[in-house]
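Breakdown of the fold
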Amino acid sequence: MKKGIHPENYRMVAFKDMSNGDTFITRSTINTRDTIEVDGTEYPLVKLEISSSSHPFYTGKMKLVDTAGRVDKFRNRYKKHLEAKKK
C-alpha cells in the first residue's frame, strides 16, 4: 500500500437510520455538525435515510421507505399524463 494517502483522523461516529431509529457506532473520518449521546458517551452524528437495518434487500421485507416523498412527487407530476393514457 502507498504511504501517506490514507487519513489518520479516524474517530468513533454514530450513524442513525432515520426511518427506523436504529443507531450503530463505527470509526469514520466524516465531518458532522450534530451529536448524539449513546450509552452516556457523546458521538458525532451522521443521519442516514436507509441502512442495512431498514433496506428491503437485507430485511427480507418489501416495504417502501420514502422519507422525502419522492414517489408522491412523481405521481403528482405525471398525474395528467397517466390519466390521459387510461382513457
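Description of the structure in this document.

On to the nonpolar core, then. Grouped together as the largest cluster of nonpolar side chains are five residues: Ala14, Ile36, Val38, Tyr43 and Leu45. Sorting the residues of this core by element identifies β3 (34-38) and β4 (41-48) as the ones contributing at least two each. Beyond its immediate stretch of four places on either side in the chain, Ala14 contacts Thr23, Phe24, Ile25, Ile36, Tyr43, Pro44, Leu45 and Val46.

Here we take up the pattern of salt bridges. Overall, the coordinates contain one salt bridge when judged by the stated rule. Put simply, Lys47 and Asp34 hold a salt bridge, and the shortest N to O gap is 3.5 Å. In this pair, Lys47 is assigned in strand β4 and Asp34 in strand β3, connecting sequence segments 13 residues apart. Lys47 gets classed as partly exposed once you look at its relative accessible area, which sits at 49%. Accessibility expressed as a relative area gives 34% for Asp34, which makes it partly exposed.

Analysis parameters
- Residue positions within a chain follow its written sequence, with the count starting from 1.
- pLDDT decides what is reported in this predicted model: residues at 70 or higher carry local features, side-chain atom pairs at 80 or more are listed and counted, and totals for whole chains, interfaces and linings draw on all residues regardless.
- By convention in this description, side-chain values take in all heavy atoms of the structure and omit both hydrogens and water.
- We call a set of buried residues a nonpolar core when its members are Ala, Val, Leu, Ile, Met, Phe, Trp, Tyr or Cys and they connect through side-chain atoms within 4.5 Å of each other.
- Relative accessibility thresholds used throughout: buried, under 20% of the residue-type maximum; exposed, over 50%; partly exposed, between the two (1.4 Å probe, protein chains only).
- Numbering of helices and strands runs from the N terminus, with a helix taken as a DSSP run of H or I at least four residues long and a strand as a DSSP run of E at least two residues long.
- Contacts are assigned to residue pairs that have any heavy atoms within 4.5 Å of one another.
- Counted as salt bridges are all cases of a side-chain nitrogen of Lys or Arg within 4 Å of a carboxyl oxygen of Asp or Glu.

By themselves these figures say nothing about function.
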